[in-house]
Amino acid sequence: METVTWCKSAPAPHASVVPKAGHMTMSGDRIIALLDMDCFYVQVEQRAEPETWGRPCAVVQYTGGGVIAVNYEARECGIKRGSSVPDCKSKCPNIRLFYVPELRGKADLTKYRNASSEVFDVLLTFDPNLVVERASIDEAFLDLTDIIHSATRSFDHVSVAGVSVAGTDHSLHDLMSAVSEEDERLVTGSQIVNLIRDQVKEATNFTCSAGVSYNKVLAKLCAGFKKPNGQSVLPPSSLNAVFAQTPIGKVRGLGGKLGQELKVQFGIETMLQLQKVPKYLLEAAYGQKTSHWIRELGNGNDNEPVTSRIVNKSVGSGKNFNGLQKMEEVRYWITQFASEIIERLTQEKNTNGRMATNVTITVRHAKKQSFSRTIPLKEYNVQTVTQDLEKELIPRLTKDGQHLLQPIISLSLISGKFTDNQTKRAVHQTPRIDSFFSTGDPIASSSTSEPLVPQDLGEEDDSQDSCIEVVPTSPVSPPQRRGFFYRKTLELVRSGSVS
Ligand code: CTP
Ligand code: CA
Ligand code: CA
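Residues numbered from 1 in each chain as written. Chains lettered and ligands numbered in written order. Predicted model: local features only at pLDDT ≥ 70, side-chain atom pairs only at ≥ 80, totals over all residues. Heavy atoms only, no water.

Regarding its fold elements, the protein presents 19 helices and 15 strands. For the protein, with 499 residues in total, the buried portion stands at 55%. When contacts within the protein are restricted to residue pairs at least 6 apart in sequence, long-range pairs at least 24 apart make up 72% of them. Total accessible area on the protein is roughly 21,900 Å²; 51% of this is exposed by carbon and sulfur atoms. (Helix = DSSP H or I, 4+ residues; strand = E, 2+ residues; numbered from the N terminus. Buried < 20%, exposed > 50% of the residue type's maximum accessible area, 1.4 Å probe, protein only. Contact = heavy atoms within 4.5 Å. Areas by Shrake-Rupley, 256 points an atom, 1.4 Å probe, with all protein chains shown as cover.)

Now for the coordination of the calcium ion (ligand 2). Within the protein, the calcium ion (ligand 2) binds to Asp36 (OD), Asp36 (OD), Met37 (O) and Asp138 (OD); these donor distances fall in the range 2.2 to 3.1 Å. The two metals, the calcium ion (ligand 2) and the calcium ion (ligand 3), are separated by 3.5 Å and share Asp36 as a common coordinating residue. Here Asp138 lies in the loop between strand S7 (131–136) and strand S8 (139–143) and Asp36 lies in strand S1 (residues 32–37), a separation of 102 residues in the sequence. In this structure Asp138 comes out as buried when scored by relative accessible area, which is 11%. (Donors = N, O, S within 2.8 Å, 3.2 Å for Na, K, Ca; no water.)

With that out of the way, let us pick up the sheet that holds strand S4 (residues 96–99). Pairing in this open sheet of three strands is mixed, and the strands run S3-S2-S4 from one edge to the other. Unpaired on one side and paired on the other, strand S3 (67–70) and S4 mark the two borders of the sheet. Going across the sheet, the axis of each strand differs from the next one's by a mean of 25 degrees, ignoring polarity. Pairing of strand S2 (residues 57–60) with S3 involves three bridges; the strand directions are antiparallel. Looking at S3, one finds that Ala58 is bridged to Val70. (Pairing = 2+ DSSP bridges. Axes fitted to C-alpha atoms, helices over the stretch in contact; angles between N-to-C directions.)

Six octahedral donors around a metal ideally subtend angles of 90 or 180 degrees, whereas four tetrahedral donors ideally subtend 109.5 degrees. Around the calcium ion (ligand 3), the protein contributes the donor atoms Asp36 (OD), Asp138 (OD) and Glu139 (OE), at 2.2 to 2.4 Å from the metal centre. Donor residues binding the calcium ion (ligand 3) come from one chain and are separated in sequence as D-x101-D-E.

Per-residue confidence for the protein averages 79 on the pLDDT scale, and 75% of its residues sit at or above 70. Segment residues 1–26 is flagged for pLDDT under 50; beyond a separation of four residues in sequence, or across chains, it makes 50 contacts in the model. With pLDDT under 50 throughout, residues 421–499 is counted as low confidence; its partners more than four residues away or in other chains account for 182 contacts. (pLDDT = per-residue confidence, 0-100.)

Another aspect to go through is the packing of helix H14 (residues 327–352) against helix H15 (residues 382–397). Running from amino to carboxyl end, H14 crosses H15 at an angle of 145 degrees, the nearest separation of the two axes being 9 Å. As for how H14 packs across H15, the hand of that crossing is right-handed. From H14, Met327, Val330, Arg331, Ile334, Thr335, Ala338, Ser339 and Ile342 reach across to H15, where they touch Val382, Val385, Thr386, Leu389, Glu390, Leu393, Ile394 and Leu397. Across the contact of H14 with H15, the residue classes tally to eleven nonpolar, three polar and two charged. (Left-handed = near helix turned anticlockwise from the far one by under 90°. Nonpolar A, V, L, I, M, F, W, Y, C, P; charged D, E, K, R; others polar.)

By the criterion of burial, S8 is predominantly enclosed, with five of the five residues buried. Alternating positions in S8 separate into two faces, Glu139, Phe141 and Asp143 on one and Ala140 and Leu142 on the other, with burial throughout. When S7 meets S8, the two strands line up antiparallel, connected through five bridges. By the bridge assignment, Val131 is partnered in S8 with Asp143. Joining the antiparallel neighbours S7 and S8 is a turn of two residues.

Within the largest apolar cluster, 52 residues are counted, with the highest numbers of intra-cluster contacts made by Tyr41, Val59, Leu123, Leu142, Leu144 and Ile196. By size, the runner-up hydrophobic cluster in this structure holds 29 residues, among which are Met327, Phe337, Ile361 and Ile408. (Core = buried A, V, L, I, M, F, W, Y, C linked by side-chain atoms within 4.5 Å.)

Quick look at the layout of surface pockets now. As a volume, the second largest pocket reaches approximately 750 Å³. What lines the second largest pocket is a set of 29 residues, and nearest its centre among them are Arg113, Ser117, Asn312, Gln347 and Glu348. Mapped by element, the contributors of at least two residues to the lining of the second largest pocket are strand S6 (106–107), helix H5 (110–126), S7 and H14. Per-element accounting of the lining of the second largest pocket gives the leading share, eight residues, to H5. In terms of residue class, the lining of the second largest pocket is built from eight nonpolar, nine polar and twelve charged. (1 Å grid on protein atoms, 1.4 Å probe; cavity = no way out; pocket = protein on both sides within 12 Å on 5 of 7 lines; lining within 4 Å. Points joined across faces, edges and corners; volume = space filled by probe spheres on them.)

Let's shift gears to helix H9 (residues 216–223). Summarising burial for H9: seven of the eight residues are buried, a large majority. Along H9, the residues that are buried comprise Lys216, Val217, Leu218, Ala219, Leu221, Cys222 and Ala223. Sitting at the amino-terminal end of H9 is Asn215, which places a side-chain oxygen 3.2 Å from the backbone nitrogen of Val217. (Polar contact = N/O pair within 3.5 Å; in protein donor to acceptor, adjacent residues only side chain to side chain.)

With that settled, the discussion passes to the pattern of salt bridges. Inspection of the entire model under this criterion finds 19 salt bridges. Its salt-bridge partner being Arg185, residue Asp29 comes within 3.1 Å of it at the nearest N-O pair. Pair noted here: Asp29 is in the loop between helix H1 (24–27) and S1 and Arg185 is in helix H8 (residues 181–204), with a separation of 156 residues, a long-range link. Exposure remark for Arg185: the relative accessible area of 0% places this residue in the buried category. Bridged by salt links that share partners, the residues Lys106, Arg113, Glu340 and Arg344 form one connected network. (Salt bridge = Lys/Arg side-chain N within 4 Å of Asp/Glu carboxyl O.)

Along the chain, Ile361 turns up in strand S13 (residues 356–366). When the C-alpha positions of Ile361 and Glu392 are compared, they lie 9.6 Å apart, and in sequence the two are 31 residues distant.

Moving on, we come to unusual backbone geometry. Looking along the chain, the bond that leaves Lys227 and enters Pro228 is cis, with omega of -10 degrees. Locating Pro228 in the fold gives a position in the loop between H9 and strand S11 (231–233). You will see that Lys417, though not glycine, has its phi angle at about 55 degrees, which is positive. Within the secondary structure layout, Lys417 lies in strand S15 (residues 403–418). On the accessibility criterion, Lys417 (58% relative accessible area) is exposed.

And the structure:
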């Protein structure tokens, strides 16, 4: 990464227009980052075929299927996730299309999962004080609070070149002159994340982007601002400027029905408008608990901890269909999914000593018509699982045991509720995020009808699973002490000599 020296004699441009932070009590004491790999599946393919670096490339989900990942060169030609192969070829004749391998008649994501493990290996070995939470196959939340406070390491030498301040035209250098305590820690956090991104690149040859802020929601929001291979920081002072431009649906937790409903109900589009909806109106519509949660989000507050967890909360397998008609087809596909899941669960048991205890099947008939059934996972045996699930499904799906009453457009299995100590602790300690919602709240009711795993090749995004998983207590309670590194950074920031 390019290094820019910030000289003492040269004041940072625009420094005076960066407002001072005034949200210490609201923003809390944490420094959180979200790291997201750039066009991840494409990078995995390009690394294996290095002559394609710099060339437009995309990953296609089955022969004749749609595009699921697009590199930035191909995005310039107008290619998007979901584009068809002919569309790619006509818009971008020199595009290199990679096809996801298939196993058991469906996508085999093993190579992307393995590449993901390489990235997580870097994160896990970076520093013992770094809390890493896997958010999806190509994303991790990082809690930097402890590293920043610890006196064990110095990151003084790390550049903040290329880091932008969200909601402003400023570079991070500008922020460095606005010496609020929180901004200083954000600067330090940004340096650490810059270093982590360098190390990921060095170890894996993959680039990634990141957002640094004081909670998960804001870190995730600004992680997308400087893609690819870029980084943003969102200080409290930029919150309103950013929220003025942020559509409600872009915010973690508001991407689904609740966000949509808020927009319609109050005739609003942005987070800043949401912030200004009167408390009594929100309470009238959503009750006290939910409206409190919404108002907190509107003010950029989010207390969800980063949980030290790199293993998946669940293992899933699923597929979309044109319309299955027969019970024997359902049986066939359940067997395929169960085989994949049990293979992966067995691997997980051997690697991490954890065992899953339940399995959920989700059946989708039409766009808005689906149901799920959860049964105990008695043993890691494909036949037993298939038979147990069939017993649950037959009365609901067919009258004669052969023909389906309604065609099925997607099927998925997800297995979870692991028996390891970490998960057990988590379950008993902290309420899940949707416990903020009273029964009948839109978010709570919508989560029951949504499929638990993305279909087909859908990314295994644990944020989706979080609707069925309890959020554990923060492993990081922000210490009050100020470490060597903090003091050192403060000194450097104040003297303007950070490079
Ligand atoms: N993915 C998928 N189906 C989806 C969403 C994502 O298969 N509906 C896969 C993609 O192939 C992708 C990876 O999961 O490479 C990570 O997804 P995401 O971070 O959303 O996109 P990227 O392709 O990594 O692109 P970006 O640079 O925008 O992060
Ligand atoms: Ca990504
Ligand atoms: Ca992602």
